[in-house]
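# A structural walkthrough
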Amino acid sequence: SVWIADGKMHCRVGPRSFVLLSGLRSSVSAYATDATATAQTHLFSLAGLPSRSAHISALGNLQGEEFLAAARTKRWWMGPSFGQKGAGVPTETQFLLVKLAKDAYAVMLPLVADGLRCTLRGSEDRNKSLLFAQMDSGDTQHTFTGMEPFMVVSVSESPFDAIKDAMSRAARQLATFELASEKRVSSDINLFGWCTWDAFYQHVDAAGVRSGLASLLSAGTPAKMLILDDGWQSVQDDEQETAEKPEQEEGVLNDPAQGEGKSLWEEMVASCYRNFVHNARHNAAQLHVWRWAAKTVLRKPLGQFFAENTPFTKRLSSFEANEKFEDKAKGTTLKALVRDLRETFGLRSVYCWHTLGGYWGGVSTTSEQMAHLQPRRTMPKPARSLLEVEPALAWDAAALRGVGQIPANKIREFFHGLHGYLADAGVDGVKVDGQSGMGPFGGAALVRTMVHEMERSVAKHFGNRCINCMCHSSENLFSYRSTAVVRAADDFYPRELLSQPVHLLNVAYNSLFLSHVGAPDWDMFQSSHADAALHAAARAVGGCPVYVSDKPGEHNAELLRKLVLPDGTILRCVDAGRPTKDVLFADANADGRTALKIFNKNARTAVVGAFNVQGAQWDRESRQFVEVPEAMREVRFEVKAQDVDGWSAAADAAHMRDAYVVMSHRDGKLRRMGNDEALPCSLEPRQWEIFTFAHIQHLEGIEWAALGLSEMLNGGGAVVESTLYASHAFVEAPEATLAPAAAPATTTTTIATTAFTQAAQAAQTALAATTATAAMATAATSSAAVMNADAVDTAAARASVVASVVLRASGRFVAYCSQRPRSVTSGEAQLAFEWDGHVLSVPFERGAAQTQLLISF
C-alpha cells in the first residue's frame, strides 16, 4: 500500500515499510475520489498552485537505493537513464521505476488527463534529491491550479508486476487508452518484412521497390510484408520552389550542423552552429543568442537551408501518390503496382508511411486538392521541458515556417480521405510517423483528438493494421485505444556506428513500459551492416516484428536464414523482450561491466539473449551519441532459469522442478543444470549469445526436453508441443541404414496436449488389439509406422516411452534425452539421428511445413 503521513509518502511491500518521498510538499495529497484503488496502486493529486498554463512543482526528496527512468531524448523518442539520487532523474521523465530494497519496488507514473500532461524531473542541483512534477496544457488560454490525479504510484515485490499494475491502473483511470493485453495484434507481426527507408530514403520509386523484393526472394528469404516509407506522397513547399533534396537519414534532416555553405557567409554560419551551438547545454548563453538570431537576421537563410536540404518544409498537397507511382500519361498507378507486387512476389501485406499531420510540414495551405480541409499555417509552442531536451525546436523548420494544420472539425475527414485512397489502392496498413511532433501545436488535447481519429480511420480501412512511430510522448502513448504496435526506440542509423549499441539498450528498456501499450517494434536493420548479427540476435529474442531495409543485392543471406523461414514467416517469441531483473538498474552501455540480458518466452521454451553493448551512449547534455572508450571491455555475467520472469514456476507436474537444460546458440553446447545453478559466461565488445531453456520432462527413468531448431536464432520458438508418454506396447524396428530426412510435404495441424493424450490412448488400444502389425503411437492422428509382426521376435514387444514433438517448421532438431532413442519417425518415415550421450540431433531439411516427430525409447 501507499499512503501519506508525517510529511512523507510511505509504502509497504509485503511486511516491510519504506519511504518513497521525504519532505513531501503540502500540495501533494491522495486523490480524493480514488474509487478504483487497489492494495498495490494509488493515485495522487497536486493542488493549490497559481493559475498558469504550465507549472514546475516540487514533490519531495526521492528515496530508495537506485532508479530507472524512461525519459524523452528527442521530441520523438525516449530512452533509459540510471541513478541513485532524485537529481539524476532527467527532465521529461515519463516512467520512473525505483528499487527500494531487495525485492521491493515502486513505480511513479505521471499521467495525461483533462488536457494536461505531467512528467517528472530532478533538481538541477546534483547534490539534491528533490523530485519535481512538470505540468503543461500546451495552450496559454488553458490555465490551471492543480492536476487531479497527476500520478499513479504502485508497489510490488516484482519490478515487472509494479510496472504492469501502474499501467493497468492508469488505463482504468484515464479511459483514454487500452492495455496491450486487451488489443488484437495483426498476424502481420509474424511476417518477415522489407522497408524501403534505408535502402532508398525519399528517392524510392516503383522500380526500386521491385528490385528490393526480387533481391530478397533470390536470397531465399522472401519478404511477405512491404513498408513503402517516405517518398511516395505528393508534397510541395508552399513558399517557394526548391531543388531536389539529397539523401538524408532522419537524424540529420532538421540539423543546420549538417549544412555546407555555398558562400563564405553561409559557411561561417554553419561553422558557428557546429562549433558553438549544436552540442551546447540547453541553458548555455550561446543558445539564447542563436535563438534570437534565428528569429531575426538568420531567419531567411535558415529557412532556405531547410527548404533546400530537408523535407521538413514540405507539405502534403494531395492524397494521391506522386508521379513516381501515379502517372496518368504512363498509365501507372499505385493500385496496379500493389497488385503486381502481390502476384510477382507473394506479398501478404503492404503498408504505406505517412505522418500524423500528413507530412513533415503538415498539409499544404495552397494546394487546391487540400483546400476542403481548410488547413492553416500554425506556429509551434513547445513546452519548456521539451526545449531542454531539444533546444533546436526554437529554430527548426517548423519554428521558422510553421506547419499546415487542419482544424479539429476536419481531422476525421482528413484521415478517411488519406486512408480511403490507400485502401482503394490495395494497401493493407499504415506506418504513422512524426506523432510526438504534434504536441507543440495544441497540447495533449489536440494530440488525443488526432490519435483517436486516426485510429477510427485505421480500424475502418485497415482492420487495425498500424505501426505507431516517433510516438514516445505520453500524450500519444496514453491515447492508443486500438492500434497495437509501437516503435520501441529511435531509428537504426546505418551510418552512425555509435548509435548501434545504444539502439539495442533503448529498445529493451523502453519495452518494459511500452509493452503494456502495444507490441514493441524494434525497428528495421540492414543484414549486411557491421553490427547486423547483433541486431538480428536482438530481434530474435525481442518478440518484435522482423524487417530489414537492405539495399538490393546487399544481403547477408546466411544471417537472414537464421531469422526467416522459407515461407517468409519468423519464429517470434510470445512476449516483448525485456531486460532481466539483475540488470534493470545497470547502464549496460557505459558502466564497463554489465551485459545487456534480455529474456522472453516461447510456447514451450524460454530464451535469454546476452549482448556486450558497452562503449557508447546517448549524452543528454550534448544531445548526441558519444563514445565511452573506458567501458569497451569484456563483460562477465551469469545466466540462469530465474532470469526468465515466472518461467521456473510454470513447470507442471510432468516436469522436473529442480532441473532444466540450457543450450547456447553460438557454441552449440547443451547443459543440464539445477534450478539454483548459474552458468558463468563472458562476451567481448559487440559480441552476443542466445541461450534457450527447456523444462525437463521425466517418465519411467527417461528425461526429455525439446530445444527446437538449432540453426535458427530463436530455434526454441519452433517447438509447438512436446509430450512424453508411456506406450504399453512397442515393437522394436529391425536395424536399418536410414537416410537423412527430407522436409515433409504436408502440414500437420497443431494439437493441444489433451489431444495428444487421447491420440496416444487410441494408438495404444490399436497396438494391443493387433497381432499382424504394430504401430508406434502418434500424437496427431494415431496413424503408425507399421511393421510386420511376424518378422520380429515377440520378445521384442514390451512397454516403451514415446516423446511426441510438433514443430512449427523443419530443420536440424535438437533435444536433450537421458537415453538413446530406439527410433525417430515422422509420419511413416524413419529418420536418421545422432545421440552423443545426452544430446539428440535429427538432421531435417530446412522447410516451413509444420512437422511432427515421434521419438521412441
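Since the model is a prediction, treat every value here as computed from it, not as a measurement.

Summing up its helical and strand segments, the protein chain has 16 helices and 47 strands in all. Residues counted as buried form 62% of the 857 residues belonging to the protein chain. Counting contacts in the protein chain only where the partners sit at least 6 residues apart, residues at least 24 apart contribute 75% of the total. Taken as a whole, the protein chain presents about 31600 Å² of accessible surface, with 49% of it coming from carbon and sulfur.

Turning next to the packing of helix H10 (residues 411-424) against helix H11 (residues 443-462). Two numbers describe how H10 lies on H11: the axes approach to 9 Å, and their chain directions differ by 30°. Comparing their axes, H11 and H10 come out roughly parallel. By crossing handedness, the relation of H10 to H11 is classed as right-handed. Taking contact as the criterion, the partners of Ile411, Arg412, Phe415, His416, His419, Gly420, Leu422 and Ala423 in H10 are, on H11, Leu446, Thr449, Met450, Glu453, Met454, Arg456, Ser457, Val458, Lys460, His461 and Phe462. Considering only residue class, the contact of H10 with H11 consists of 9 nonpolar, 6 polar and 4 charged.

With that settled, consider unusual backbone geometry. Residue Pro149 is reached from Glu148 by a cis peptide bond, and omega for that bond is -10°. Mapped onto the elements, Pro149 comes out in strand E14 (residues 147-156). The phi dihedral of Asp114 falls on the positive side, at around 55°, and the residue is not glycine. Backbone geometry places Glu700, a non-glycine residue, at a positive phi of 50°. With respect to the helices, strands and loops of the structure, Glu700 is situated in the loop between strand E36 (688-699) and strand E37 (702-709).

Using the criterion set out here, one finds 8 cavities of 30 Å³ or more in the structure. Within this model, the largest cavity holds a volume of roughly 340 Å³. Forming the boundary of the largest cavity are 28 residues, of which Trp360, Val403, Gly437, Met438 and Phe441 lie nearest the centre. Contributions of two or more residues to the lining of the largest cavity are made by helix H9 (397-401), strand E21 (403-405), H10 and H11.

Applying the stated rule across the entire model yields 33 salt bridges. Note that Glu66 and Lys99 form a salt bridge whose closest N and O atoms lie 3.8 Å from each other. A residue pair is termed long-range when its members are at least 10 positions apart, and Glu66 in strand E7 (residues 66-72) and Lys99 in strand E9 (residues 93-101) qualify at 33 residues. A salt bridge links Arg487 to Asp523; the shortest N-O distance between them is 3.2 Å.

This next bit is on helix H14 (residues 532-542). Counting buried residues along H14, 10 of its 11 residues qualify, which places the element largely inside the surrounding structure. If you follow the buried residues of H14, they end up packed against helix H13 (499-514), strand E26 (546-548), helix H15 (557-560), strand E28 (596-601), strand E29 (606-611) and E36.

Next up on the list: the packing of aromatic side chains. This structure, assessed with the given rule, holds 24 aromatic pairs. With a centroid separation of 6.2 Å and 5° between ring planes, the pair formed by Tyr105 and Phe585 is classed as stacked. In this pair, Tyr105 is assigned in strand E10 (residues 104-110) and Phe585 in the loop between strand E27 (578-579) and E28, connecting sequence segments 480 residues apart. With 5.0 Å between their ring centres and 20° between their planes, Phe312 and Trp360 make a pair best called stacked.

Let us now look at the layout of surface pockets. If you add up the space inside the largest pocket, you get close to 930 Å³. What lines the largest pocket is a set of 36 residues, among which Ser81, Pro90, Arg126, Arg620 and Glu621 lie closest to the centre. When contributions to the lining of the largest pocket are tallied by element, the ones reaching two or more residues are E7, strand E8 (78-83), strand E12 (116-122), helix H8 (384-389), H13 and strand E30 (616-619). A total of 5 residues in the lining of the largest pocket trace back to one element, the largest contributor, which is E8.

The next subject is the environment of Ser515. With respect to the helices, strands and loops of the structure, Ser515 is situated in the loop between H13 and strand E25 (519-521). Its relative accessible area of 16% is what places Ser515 among the buried residues. Between the C-alpha atoms of Ser515 and Arg578, which are 63 residues apart in sequence, the distance is 9.0 Å. Ser515 has contacts with Ala180, Pro520, Ala576 and Arg578, leaving out every residue within four places of it along the chain. A polar contact of 2.7 Å, which involves the side chain of Ser515, links it to the backbone oxygen of Ser511.

Glancing now at the sheet that holds strand E16 (residues 225-228). Across the sheet, which stays open at both edges, the 8 strands sit in the order E25-E24-E23-E22-E19-E16-E15-E26 with parallel pairing between neighbours. Looking at the sheet topology across the chains shown, the edges are occupied by E25 and E26. Averaged over all neighbouring strand pairs, the angle between strand axes comes to 25°, with direction disregarded. This element, H11, spans strand E22 (429-433) and strand E23 (466-468) of the sheet and lies at about 160° to E22.

A large share of E37 lies buried, amounting to 8 of its 8 residues. Where E36 meets E37, 3 bridges bridge the pair, whose relative direction is antiparallel. Bridging across to E37, Gln697 finds its partner in Trp704. Between E36 and E37, which pair antiparallel in sequence order, lie 2 residues; one of them, Glu700, sits at a positive phi of approximately 50°. Here E37 pairs with strand E42 (residues 810-817) via 5 bridges, running antiparallel. When the sheet's bridge partners are listed, Leu709 is paired in E42 with Phe813.

It is worth spelling out the side chain of Asn589 at this point. Inspection of the secondary structure assignment puts Asn589 in the loop between E27 and E28. At 3.3 Å, the side chain of Asn589 forms a polar contact with the backbone oxygen of Pro501. The residues touching Asn589, leaving out its near neighbours within four places in the chain, are Pro501, Val502, Leu505, Val613, Gln614, Gly615, Ala616, Gln617 and Ala631.

A few words now on the environment of Tyr105. Judged by its relative accessible area of 3%, Tyr105 falls in the buried class. Separated by 40 residues in the primary sequence, Tyr105 and Glu65 place their C-alpha atoms 9.9 Å from one another.

Attention shifts here to the pairing of E28. Where burial is concerned, most of E28 is hidden: 5 out of the 6 residues are buried. By the bridge criterion, 2 bridges tie E27 to E28 in an arrangement that is antiparallel. Bridge pairing in E28 places Pro579 opposite Ile598. As defined by bridge partners, E28 adjoins E29 across 6 bridges and the pair is classed as antiparallel. Each bridged residue has a counterpart across the sheet, and for Phe599 the counterpart in E29 is Val608. As consecutive antiparallel partners, E28 and E29 are separated by 4 residues.

Quick look at the environment of Leu699 now. Position of Leu699 among the secondary structure elements: in strand E36. Sequence spacing of Leu699 and Tyr725 is 26 residues, and the spatial spacing of their C-alpha atoms is 7.3 Å.

Spatially, E38-E41-E47-E43-E44 is the arrangement adopted by the 5 strands of the open sheet, whose pairing is antiparallel. At either margin of the open sheet sits one strand with a lone partner, and together these are strand E38 (719-727) and strand E44 (829-830). Bridge count for E38 against strand E41 (residues 800-807) is 8 bridges, and the pairing is antiparallel. Bridge pairing in E41 links Ala726 to Val801.

Once that is clear, we can look at the confidence of the model for the protein chain. Looking at the protein chain, the pLDDT average stands at 89 and 88% of residues meet or exceed 70. Long-range and interchain partners of residues 241-246, a stretch whose pLDDT sits below 50, account for 14 contacts in this model, where long-range means more than four residues apart.

Each value, and the rule that gives it
- Residues numbered from 1 in each chain as written.
- Predicted model: local features only at pLDDT ≥ 70, side-chain atom pairs only at ≥ 80, totals over all residues.
- Heavy atoms only, no water.
- Helix = DSSP H or I, 4+ residues; strand = E, 2+ residues; numbered from the N terminus.
- Buried < 20%, exposed > 50% of the residue type's maximum accessible area, 1.4 Å probe, protein only.
- Contact = heavy atoms within 4.5 Å.
- Areas by Shrake-Rupley, 256 points an atom, 1.4 Å probe, with all protein chains shown as cover.
- Axes fitted to C-alpha atoms, helices over the stretch in contact; angles between N-to-C directions.
- Parallel < 35°, antiparallel > 145°, perpendicular 65-115°, else oblique.
- Left-handed = near helix turned anticlockwise from the far one by under 90°.
- Nonpolar A, V, L, I, M, F, W, Y, C, P; charged D, E, K, R; others polar.
- 1 Å grid on protein atoms, 1.4 Å probe; cavity = no way out; pocket = protein on both sides within 12 Å on 5 of 7 lines; lining within 4 Å.
- Points joined across faces, edges and corners; volume = space filled by probe spheres on them.
- Salt bridge = Lys/Arg side-chain N within 4 Å of Asp/Glu carboxyl O.
- Phe/Tyr/Trp six-rings, centres within 6.5 Å; stacked < 30°, edge-to-face > 60°.
- Polar contact = N/O pair within 3.5 Å; in protein donor to acceptor, adjacent residues only side chain to side chain.
- Pairing = 2+ DSSP bridges.
- pLDDT = per-residue confidence, 0-100.

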